[in-house]
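Chain by chain, the residues:
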Amino acid sequence: MIEDILKYSTSNLWNRKLRSFLTILSILIGITAIFALISFGQGINKYMNEFAEESGTDKIFLLPGGGIASAPGTSNILYTEDDMDFIRKIKGVDEVTGMMITSAKIKFKEYKEKYPFAIGVSTASEDKELVKEMFAGIDVIEGRALKQGDVLKVTAGYSHTIPNRMFKKRVNVGDKIEINDVEVEVIGFYEEVGSPTDDAQVYISFEGFTEIFEMDDFEYVFLRVASDHDPSELAERIKEKFRKRRGQKEGEEDFAIQTYEDVMETFTNVITILNGIL
């Protein structure tokens, strides 16, 4: 009986070679895809853990109402220098800095313009360490990073060094590019992050950002918690005080306060769900 079944199965496979081949191929592709996606999820999780270790867990983020999931450069909820001064005075806050973000028109020579994000960061000496930790693990691979006094100068993402990725020819240190029709000098490049959006960005000082875009408000505010304070407790206190400052009711805030643990939990939950589905 078993021999008859095996003979029939073998004969069926042999007589329908193409269908059999395609069935086996689809199974192999499916299994390979699942392993690849699970490996990707585990890789992202490992990257986030390493990022948290390098950045430190003593950070709190003041974000638009959508939180960390909000697309950068799209919110109309912005924070002023006065808002940052208010936060600096709250007990337990050690350092505060902001980040300016907007979409920019980038032009290089005669090539077609591109529209990546422009990031405004502080170059003040007192903010140097906090800014560095905000970009933990991302090093300058050519030229140098921004420093105090740099106005119409930029450090660009990795994609600008690759021909045909941003422009037909690569951009070099010392080249001039135009940001919203304002000429600036490229002074360095960051290493590859792996995200097309991040690798296309350009980084400018607050002063340069204000001059080019005529904007002096911040989309994100980052602060360091004093060593003798608990980040979660301080986050709740900041949220309460800032809500009162803006005259908003609890649960109706147009801003979000998140600790590093909150951010990590958000990413971990997404990756866990993805791996679970796969």
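Residues numbered from 1 in each chain as written. Predicted model: local features only at pLDDT ≥ 70, side-chain atom pairs only at ≥ 80, totals over all residues. Heavy atoms only, no water.

Draft legend 1. Quick peek at the pattern of salt bridges. Scanning the model with the defined rule gives 14 salt bridges in all. Between R224 and E95 there is a salt bridge whose closest N-O contact spans 2.6 Å. Of this pair, R224 sits in strand β10 (residues 220–225) while E95 sits in strand β2 (residues 93–103), placing them 129 residues apart in sequence. Taken individually, R224 and E95 each receive the classification buried, so the pair is uniform in this respect. A salt bridge links K105 to D181; the nearest nitrogen and oxygen atoms lie 3.1 Å apart. On the criterion of sequence distance, the pair formed by K105 in the loop between β2 and β3 (106–107) and D181 in the loop between β7 (176–179) and β8 (182–190) is long-range, its members being 76 residues apart. Counted as one network, the salt bridges with shared partners bring together D58, K59, E95 and R224. (Salt bridge = Lys/Arg side-chain N within 4 Å of Asp/Glu carboxyl O. Helix = DSSP H or I, 4+ residues; strand = E, 2+ residues; numbered from the N terminus. Buried < 20%, exposed > 50% of the residue type's maximum accessible area, 1.4 Å probe, protein only.)

Draft legend 2. Structural detail: the packing of aromatic side chains. Across all of its chains, the model carries ten aromatic pairs by this definition. Centre to centre, the rings of Y220 and F222 are 6.5 Å apart; their planes meet at 45°, and the pair counts as tilted. Comparing Y220 with F222 shows no difference in burial state: the two are buried. A cation over a ring is seen here: R170 above F189, with NZ or CZ 5.6 Å from the ring centre. (Phe/Tyr/Trp six-rings, centres within 6.5 Å; stacked < 30°, edge-to-face > 60°. Lys NZ or Arg CZ within 6 Å of the ring centre and 35° of its normal.)

Draft legend 3. Layout of the pairing of β10. Counting buried positions over the six residues of β10 gives six, a clear majority of the element. Neither face of β10 is open: one carries Y220, F222 and R224, the other V221, L223 and V225, and all of them are buried. Relative to β10, strand β1 (residues 59–64) is paired through four bridges, and the arrangement is antiparallel. Note that in β10 the partner of I60 across the bridge is L223. By the bridge criterion, six bridges tie β2 to β10 in an arrangement that is antiparallel. Considered in β10, the bridge of M99 is made with Y220. (Pairing = 2+ DSSP bridges.)

Draft legend 4. Structural context of the side chain of K59. Within the element layout of this structure, K59 appears in strand β1. Judged by its relative accessible area of 5%, K59 is buried. Ignoring sequence-local partners within four residues, the contact set of K59 consists of L130, E133, L223, R224, T259 and Y260. (Contact = heavy atoms within 4.5 Å.)

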